[in-house]
Amino acid sequence: MENLERIYKFLEEAGTYYLATVEGDQPRVRAFGTVLLYEGKLYIQTGKIKAVSKQIKANPKVELCAFKDGKWLRLSGILERDERREVKKAMLDKMPTLRTMYNEDDGNTEVLYFKSGEATFSSFVAPSETVTF
Ligand SMILES: Cc1cc2nc3c(=O)[nH]c(=O)nc-3n(C[C@H](O)[C@H](O)[C@H](O)COP(=O)(O)O)c2cc1C
């Protein structure tokens with residue numbers, strides 16, 4: 001839990017992270033910003049109609065990278081979709097600007113959490129630190 005909180009805090013403060021998926025043998029990467037800690041799990045949000053969602057469905061192994069104040073985080077792991085309305089609501093309530101595009105009942109909103117993962121915190125001035133959850 002402590003490790004996840006540290007990852008969550010970093011992603012929150014970075015504001016933007018870059019999420020990589022795979023499509024066949026082709027890496028795909030794009031900017032993401034959604035992040036939520038709920039019931040001790042780290043969630044992200046997307047739309048089921050997006051290519052990124054279809055890629056995660058076909059292969060839930062993802063990696064992301066974020067950078068802030070000379071430090072960076074690389075997180076790899078396996079995502080699992082959570083269809084519970086309460087989690088979608090918690091995500092949209094936390095990030096209300098998403099409500100211009102999404103709502104809990106639109107059949108499109110998708111929240112996913114990391115079932116497991118490995119995160120490495122790095123900087124140019126200190127040794128890297130790797131944590132798992
Ligand atoms: C700063 C920033 C944050 C973003 N955050 C998200 C996000 O959390 N979830 C999401 O689905 N799209 C987000 N987007 C939009 C995606 O980057 C965009 O829809 C992208 O095309 C999705 O990847 P895909 O085309 O492979 O499906 C964000 C875009 C920017 C510029």
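Source: prediction; values computed, not measured.

Explanation requested: the layout of surface pockets in the structure shown.
Left-over empty space is what a probe sized like a water molecule reveals as it rolls over the atoms. Estimated volume of the largest pocket: approximately 230 Å³. Forming the walls of the largest pocket are Arg-6, Lys-9, Phe-10, Glu-13, Lys-68, Lys-71, Phe-121, Ser-122, Ser-123, Ala-126, Pro-127 and Glu-129. Those elements giving two or more residues to the lining of the largest pocket turn out to be helix H1 (2–14) and strand E7 (109–123). At four residues, H1 tops the list of elements feeding residues into the lining of the largest pocket. Partitioned by chemical class, the residues of the lining of the largest pocket number four nonpolar, two polar and six charged.

Looking at this structure, I do not really get the pattern of salt bridges. What am I missing?
Side chains that carry opposite charge are capable of pairing whenever their charged atoms lie near each other. Scanning the model with the defined rule gives 18 salt bridges in all. Among the salt bridges present, the one from Arg-6 reaches Glu-129, with a minimum N-O distance of 2.9 Å. On the criterion of sequence distance, the pair formed by Arg-6 in helix H1 and Glu-129 in strand E8 (residues 129–132) is long-range, its members being 123 residues apart. Taking the relative accessible area as the measure of exposure, Arg-6 reaches 34% and is therefore partly exposed. Residue Glu-129 is classed as partly exposed on the basis of its relative accessible area of 40%. Glu-39 is paired through a salt bridge with Arg-84; the nearest N and O atoms lie 3.0 Å apart. With a gap of 45 residues between them, Glu-39 in the loop between strand E3 (36–38) and strand E4 (41–47) and Arg-84 in the loop between strand E6 (71–82) and helix H3 (85–94) connect regions that are remote in the sequence. For Arg-84, a relative accessible area of 29% corresponds to the partly exposed category. One salt-bridge network, held together by shared partners, links Lys-48, Arg-81, Glu-83, Lys-88 and Glu-110.

Just to check I follow, could you spell out the site of the ligand for this structure?
In the neighbourhood of the ligand, the contacting residues comprise Thr-16, Arg-30, Ala-31, Phe-32, Gly-33, Thr-34, Gln-45, Thr-46, Lys-50, Ala-51 and Val-52. Take Ala-51: an N or O atom from its main chain is 3.2 Å from an oxygen atom of the ligand. Within the contact set of the ligand, an oxygen atom lies 2.9 Å away from a backbone nitrogen or oxygen of Val-52. Relative to its free-state accessible area of 630 Å², the ligand is covered by the protein chains to the extent of 60%. Those elements that provide at least two residues to the shell around the ligand are strand E2 (26–32), E4 and helix H2 (51–58). For the shell around the ligand, the leading source of residues is E2, giving three residues.

I'm lost on the nonpolar core in this one. Help?
The nonpolar side chains of a soluble globular protein tend to be buried with one another. Within the largest apolar cluster, 24 residues are counted, with the highest numbers of intra-cluster contacts made by Ile-7, Leu-11, Tyr-17, Leu-19, Leu-42, Ile-44 and Phe-114. Contributing elements (two or more residues each) for this core: H1, strand E1 (17–23), E4, H2, strand E5 (61–68), E6 and E7. Counting residues per element, this core draws most heavily on H1, at five residues. Setting aside residues up to four positions removed in sequence, Phe-114 forms contacts with Leu-42, Ile-44, Val-62, Leu-64, Leu-75, Gly-77, Ile-78, Leu-79 and Phe-133.

Conventions we followed
- Residues numbered from 1 in each chain as written.
- Predicted model: local features only at pLDDT ≥ 70, side-chain atom pairs only at ≥ 80, totals over all residues.
- Heavy atoms only, no water.
- 1 Å grid on protein atoms, 1.4 Å probe; cavity = no way out; pocket = protein on both sides within 12 Å on 5 of 7 lines; lining within 4 Å.
- Points joined across faces, edges and corners; volume = space filled by probe spheres on them.
- Helix = DSSP H or I, 4+ residues; strand = E, 2+ residues; numbered from the N terminus.
- Nonpolar A, V, L, I, M, F, W, Y, C, P; charged D, E, K, R; others polar.
- Salt bridge = Lys/Arg side-chain N within 4 Å of Asp/Glu carboxyl O.
- Buried < 20%, exposed > 50% of the residue type's maximum accessible area, 1.4 Å probe, protein only.
- Near = heavy atom within 4 Å.
- Polar contact = N/O pair within 3.5 Å; in protein donor to acceptor, adjacent residues only side chain to side chain.
- Areas by Shrake-Rupley, 256 points an atom, 1.4 Å probe, with all protein chains shown as cover.
- Core = buried A, V, L, I, M, F, W, Y, C linked by side-chain atoms within 4.5 Å.
- Contact = heavy atoms within 4.5 Å.

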